[in-house]
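Spelled out, the chains give:
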Amino acid sequence: MKLKKVFQRKETKYLIPSDRFPAFFEALQQRMQIDVYGKHTIMSLYYDTDDFRFIRHSMDKPKYKEKFRIRSYGVPSQDSLIFLEIKKKVNGIVYKRRVPMSYQQYQHWVRSGQLPETVEPAQIAAEIKWLFKQNQDLTPRVLIAYDRLSLFVDDDSDFRVTFDQAIRFRTCNLDLAAGSDGALVAPEIGVLMEVKALGSYPLWFVDLLNTYGVRKGSFSKYAQTYQRHLFKKEEVLHVI
């Protein structure tokens, strides 16, 4: 499978109560398949400035916003592949650009501030260097992890549906290799569904949404973590 490094799509989110999820998921599997990874853990280490400028700007819902994060699929070992990602949203379209490297290379970058010369694509590596040049205080702020199931349709690679559960975070021991443990971001949330597509939804999917009463919701993992858990701590630090 070719490693994808650039993504362009719309992402729409839905909040599904835990008691409604099993029936909806079973019906969805009549049309879609679970991908080869099955249920897996995703870990995202979000970088931000001292005043959390990136997430504050994002929460203002501007036409353009961006985030930087390190993404790992599972707890990495030294040789595991991780991704340095710039995620941008422009007029409702999400653009994700990333460079892969080993976790060992990432640790070297953290210590030295120098990306390996062999990192590809070179253009995205240059964008990452520019981002850090423009934001000298950009540093890891919070690790967010969750368990994901991804479904796809054989004849439509641009239409995918993901389900995220047990969305958790931590602000201490931000080493990805330390595991995916953390406190729940929003204990009342059941399952977060994200529909990733560029075009319109298939009619059968719209019918399923209506049949099971699944409605759009607003839930940004990083924004919710900041609002619920980081903002108050930040206020205390400013007061002290």
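Right above here is the structure, for reference.
How each quantity is defined
- Residues numbered from 1 in each chain as written.
- Predicted model: local features only at pLDDT ≥ 70, side-chain atom pairs only at ≥ 80, totals over all residues.
- Heavy atoms only, no water.
- Buried < 20%, exposed > 50% of the residue type's maximum accessible area, 1.4 Å probe, protein only.
- Helix = DSSP H or I, 4+ residues; strand = E, 2+ residues; numbered from the N terminus.
- Pairing = 2+ DSSP bridges.
- Polar contact = N/O pair within 3.5 Å; in protein donor to acceptor, adjacent residues only side chain to side chain.
- Contact = heavy atoms within 4.5 Å.
- Core = buried A, V, L, I, M, F, W, Y, C linked by side-chain atoms within 4.5 Å.
- Arc of directions from axis to C-beta.

A.B. asks: When you look at the pairing of strand β3 (residues 40-48) in this model, what are you seeing that I'm missing?
C.D. replies: Note on strand geometry: in a regular strand, side chains alternate between the two faces of the sheet. For β3, the buried fraction is high: eight of the nine residues fall into the buried class. With nine bridges joining them, β3 and strand β7 (residues 139-153) adopt antiparallel strand pairing. Its bridge partner lying in β7, S44 is registered against I144.

A.B. asks: Before we go on, may I ask you to explain the side chain of R168 in this structure?
C.D. replies: Assignment of secondary structure puts R168 in strand β8 (residues 156-170). Taking the relative accessible area as the measure of exposure, R168 reaches 11% and is therefore buried. A distance of 3.3 Å separates a polar atom in the side chain of R168 from a polar atom in the side chain of D147. For R168, the contacting residues outside a window of four places in its chain are T41, L143, I144, A145, Y146, D147, S180, G182, A183, L184 and V185.

A.B. asks: Got a minute to help me understand the side chain of T12 in this structure?
C.D. replies: Within the secondary structure, T12 is located in strand β1 (residues 6-16). Of note is the side chain of T12, whose polar atom sits 3.4 Å from the side chain of Y201. Discounting residues that sit within four places of it in the chain, T12 has contacts with M193, E194, V195, Y201 and K216.

A.B. asks: Where do I start with the nonpolar core in this structure?
C.D. replies: Burial of nonpolar side chains together is a common tendency in soluble globular proteins. Membership of the largest hydrophobic core comes to 25 residues, with the highest contact counts inside it found for Y47, F68, I70, L84, Y106, W109 and I128. Elements supplying a minimum of two residues to this core: β3, β4 (64-73), β5 (81-90), β6 (93-102), α3 (103-112), α4 (122-134) and β7. A total of five residues in this core trace back to one element, the largest contributor, which is α4. In this structure, L28, V153, V191 and A197 belong to the second largest nonpolar core, which totals 23 residues.

A.B. asks: Can you walk me through helix α5 (residues 203-211) in this structure?
C.D. replies: Side chains of residues three or four places apart in an α-helix project in the same direction, reflecting 3.6 residues per turn. Considered for burial, the residues of α5 that qualify are W204, F205, L208 and L209. Seen end-on, α5 carries its buried residues on one side only, within an arc spanning 145°. α5 presents L203 and T211 as exposed residues on the side facing more than 90 degrees away from its buried surface. Just downstream of α5 lies G213, where phi reads positive at about 60°.

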